[in-house]
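So the chains spell out like this:
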Amino acid sequence: MTAGAPAPSAPIRLRLWQRRRPLSRAVGLRHPLTLVGLTIAGAWIVIAIFAPWIAPYDPVTDTTLPALHAPSWHYLFGTDELGRDVLSRTLFGARTTIPLGLLLVGVSLLIGSTLGAIAGYFGGPIDGLVMRLTDLVFAFPAIILAMVTTAALGRGIQNAVIALIVVSWPSYARVVRGLVRQLSQSEYVLSARLLGASARRALVRDVLPNVAGPVLVLATLDLGNAILLLSGLSFLGLGPQPPKPEWGLSVAEGVNYFQYWWVGTFPGLAIFTVVLAFNFLGDSLRDRLDPQSSWSRGGDD
Amino acid sequence: MQPSARTSTFPRLAFRPGRSRERSSRPFLRFVLRRFGALILLALGITVVAFVLTSVVPGDPAAANLGQQAINDPAAVAAFNHHYGLDKPLPEQYGIYLWHLLHGDLGQSEQNHDAVTHDLSQAIPATAELALFSIFVAVIVGMSLGVLAAVRRNKATDHVLRVVSLGGVSMPTFWIALVALYVFFFRLNWLPGTGRLDAVVLPPPHHTGLYTLDALLSGQWGTFTNAFRHLVLPGCVLAAYNIGLLTRYTRSAVLEVISNDYVRAARAKGLPARIVVPRHVLRAALPGIVTVIGLAFANVMTGSVLVEYVFSWPGIGQYAFHSATTLDLPAIMGVSLFVAVVYVVVNFLVDVLYGVLDARLRVQ
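From a predicted model like this one, the values you see are computed outputs, not experimental measurements. (Residues numbered from 1 in each chain as written. Chains lettered and ligands numbered in written order. Predicted model: local features only at pLDDT ≥ 70, side-chain atom pairs only at ≥ 80, totals over all residues.)

## What about the overall build of chain A?
Inference 1: Secondary structure assignment for chain A yields 11 helices and 0 strands.
Inference 2: Walking chain A from its N terminus toward its C terminus, one meets helices and strands in the order α-α-α-α-α-α-α-α-α-α-α.
Inference 3: For chain A, with 301 residues in total, the buried portion stands at 47%.
Inference 4: Considering only contacts within chain A whose residues lie at least 6 apart along the sequence, 65% involve residues at least 24 apart. (Helix = DSSP H or I, 4+ residues; strand = E, 2+ residues; numbered from the N terminus. Buried ≥ 20, exposed ≤ 12 C-beta atoms within 10 Å, placed from the backbone. Contact = placed C-beta atoms within 7 Å.)

Here is the structure:
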């Protein structure tokens with residue numbers, strides 16, 4: 001496995017490929033986009049954990065500040081119409097959006113990949129059923145279907161998340177199905193089966209590890225989209241209800257007071273930076289796993 | 001492709017003489033028909049989803065639809081339930097629902113007691129105008145940036161454009177709408193704020209419902225400028241996400257063809273880049289780009305819900321939002337049905353266009 005002493009008959013290209021790389025390079029840490037993405041995402045996760053200790057005021061109960069005060073040394077991001085500190089509300093907002101986004105993507109990934117793997121492996125009527133179901137979900141623009149689902153279930157955080165899971169699982173199902181179908185016909189899986197490996201073993205040992213990479217890329221990129229949709233729903237008032245400090249909700253308050261730009265701008269900036277960070281990460285991950293569509297194609301590696 | 005031993009080695013080069021025009025056009029027709037069949041099935045599926053969602057929602061539709069007096073009148077309730085088949089078992093209800101649908105009856109809005117189809121016909125032109133303008137902007141800007149990035153591959157321009165494109169798909173539409181409104185309307189006052197026209201301007205005579213087009217058709221130059229200026233801000237905000245998307249797709253589609261031998265040959269024989277890029281490269285890359293336009297359309301529908309809310313644009317998005325927040329079910333179902341059907345039709349057209357643009361698909 002290691003590059004210590006390659007077999008004399010091994011072609012030179014093989015040795016190049018197996019050369020041990022520094023860990024930072026293997027993970028892509030030298031890629032500026034990865035670095036920026038990791039820094040921003042890491043910062044937001046730290047903020048989400050330590051918000052009660054960082055925030056200068058309580059996001060909900062401190063309503064005695066001067067209302068609609070412009071950003072100043074006392075209130076870095078200003079105050080909103082109810083006299084609450086926008087900075088504190090923005091910091092606390094991370095505690096709602098980021099965990100919900102992760103939960104949402106995690107559950108969609110689990111449901112979608114399971115259904116996709118079953119469909120891809122067994123084929124036949126199960127495959128047809130699952131794929132028609134994904135077609136159906138894809139036929140609705142995400143926010144409309146999510147709006148309908150929340151309207152049917154009743155508004156609230158929990159229902160918004162359920163609605164978004166309904167919308168997001170199909171992309172995982174499609175990707176996993178395609179990969180499983182393609183890989184289970186590949187020569188190395190067929191030879192493993194020929195050597196006596198059970199279907200289950202082949203699926204778990206030979207197929208799934210190769211599915212994990214693309215699914216991880218999809219999940220990272222999807223996290224950004226999930227957060228955008230989630231804050232879109234709460235912007236429309238279908239997600240968390242006031243007075244919860246939530247970014248989409250805060251931007252919606254900013255629409256009513258749009259002359260006081262700081263009310264909506266800072267929470268929106270928070271959404272933007274979080275989504276951008278995950279998109280940076282997902283995009284550079286995609287580069288590493290899929291050199292074909294790489295942005296730095298023909299580049300350094 | 002026939003995987004015979006001889007042709008499979010060089011499938012692209014296999015020369016098959018004697019293939020007449022008529023024979024090669026029929027597979028394309030079959031392709032179109034197959035896609036059309038799928039379209040019909042999908043449309044049926046959409047109605048099932050809409051119907052199931054309506055019937056799982058708790059609540060008494062008669063109580064919500066009829067006024068306060070009518071609800072105390074058992075005859076009126078029975079008549080309502082009978083008209084919409086609510087006194088029948090579910091499968092039969094679905095049949096009745098489909099029947100009403102075929103006759104263009106989407107039910108009554110629970111809010112204003114108008115027919116949903118009437119409300120939709122009011123809202124559709126506003127959204128159509130916004131969506132068309134926005135997609136136009138996104139296609140022009142996104143494709144230009146994508147070609148630029150591909151031509152300057154791995155140079156500074158390319159890296160900057162990568163960040164720009166990722167930034168475009170990371171911006172919350174509703175937030176950018178708010179910022180744009182603040183900067184260009186409230187601070188700079190370069191462009192008008194909300195609505196489709198200034199309050200003092202009368203809408204042009206109704207031909208298509210698109211104000212800019214109607215104003216042009218009736219020669220009202222002032223109204224046209226006004227309507228157009230109202231269109232710019234929401235249209236560009238709506239285009240931001242798609243610009244990011246199209247830049248990326250155009251770049252990779254162009255990169256896929258730009259290293260082909262025929263491109264190098266065209267350059268080698270002395271044709272300048274300004275001729276090779278549009279004629280040789282872009283033409284071959286176009287089918288790959290066109291497929292994204294279906295996706296771009298879905299993004300515009302999603303974005304329009306948010307943008308129309310901020311800009312008080314009286315379109316489908318705002319109608320959908322109002323019906324969702326007031327839990328006006330017939331209206332929500334009407335909107336989602338309409339949007340889904342339009343979306344499916346757009347994707348069908350994109351598939352056909354792909355076939356038209358990509359000659360290989362027609363032959364195989």
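## Looking at the interface of chain A and chain B
Inference 1: Counting residues at the interface gives 43 residues for chain A, matched by 42 residues for chain B.
Inference 2: Take the side of chain A that touches chain B: its biggest share by element is 10 residues, from helix 11 (residues 262-289) of chain A.
Inference 3: When the residues that make up the side of chain A that touches chain B are grouped by side-chain class, the tally is 26 nonpolar, 14 polar and 3 charged. (Nonpolar A, V, L, I, M, F, W, Y, C, P; charged D, E, K, R; others polar.)

## Thoughts on the nonpolar core
Inference 1: A146(A), L164(A), A177(B) and A320(B) are the most contacted members of the largest nonpolar core, which has 170 residues in total.
Inference 2: The leading source of residues in this core is helix 12 (residues 273-311) of chain B, at 19 residues.
Inference 3: Not counting chain neighbours up to four residues away, the residues in contact with L164(A) comprise L104(A), A146(A), A226(A), L229(A) and L230(A). (Core = buried A, V, L, I, M, F, W, Y, C linked by C-beta atoms within 7 Å.)

## As for unusual backbone geometry
Inference 1: For the peptide bond that leads from P242(A) to P243(A), omega is 5°, which places it in the cis range.
Inference 2: By the element assignment, P243(A) lies in the loop between helix 9 (199-235) and helix 10 (247-256).
Inference 3: Non-glycine residue N154(B) carries a positive phi angle of around 65°.
Inference 4: Mapping N154(B) onto the fold places it in the loop between helix 6 (116-151) and helix 7 (156-170).
Inference 5: By C-beta crowding, N154(B) is classed as partly exposed, having 14 other C-beta atoms within 10 Å.
Inference 6: At S312(B), a position not held by glycine, the phi torsion is positive, near 45°.

## Here's the deal with helix 5 (residues 124-138) of chain A
Residue and element names in this part refer to chain A.
Inference 1: A rise of 1.5 Å per residue sets the reference length of helix 5, with its 15 residues, at 21 Å; its end C-alpha atoms lie 21 Å apart and thus fit the reference within 8%.
Inference 2: V130, T134 and F138 are the residues of helix 5 that are buried. For helix 5, the angular spread of the buried residues around the axis is 80°, confining them to a single face. Across helix 5 from its buried face, at more than 90 degrees, point the exposed residues P125, G128 and L129. (Expected span 1.5 Å × (residues − 1). Arc of directions from axis to C-beta.)

## Structural notes on the packing of helix 6 (residues 142-153) of chain A against helix 14 (residues 329-357) of chain B
Inference 1: Here helix 6 of chain A crosses helix 14 of chain B at 160°, and the two axes come no closer than 10 Å. One element, helix 6 of chain A, and the other, helix 14 of chain B, form an angle in the roughly antiparallel class. Judged by the sense of rotation from one axis to the other, the crossing of helix 6 of chain A with helix 14 of chain B is left-handed. Only I332(B), S336(B) and V339(B) of helix 14 of chain B make contact with helix 6 of chain A, whose side of the interface consists of I144(A), L145(A), V148(A) and A151(A). (Axes fitted to C-alpha atoms, helices over the stretch in contact; angles between N-to-C directions. Parallel < 35°, antiparallel > 145°, perpendicular 65-115°, else oblique. Left-handed = near helix turned anticlockwise from the far one by under 90°.)

## Some points on the environment of A340(B)
Inference 1: As for its placement among the helices and strands, A340(B) is situated in helix 14.
Inference 2: A residue is classified by how many C-beta atoms lie within 10 Å of it, and A340(B), with 25 of them, is buried.
Inference 3: With 294 residues separating them in the primary sequence, A340(B) and I46(B) have C-alpha atoms 7.3 Å apart.
Inference 4: Discounting chain neighbours no more than four positions away, the residues touching A340(B) are A139(A), F140(A) and I46(B).

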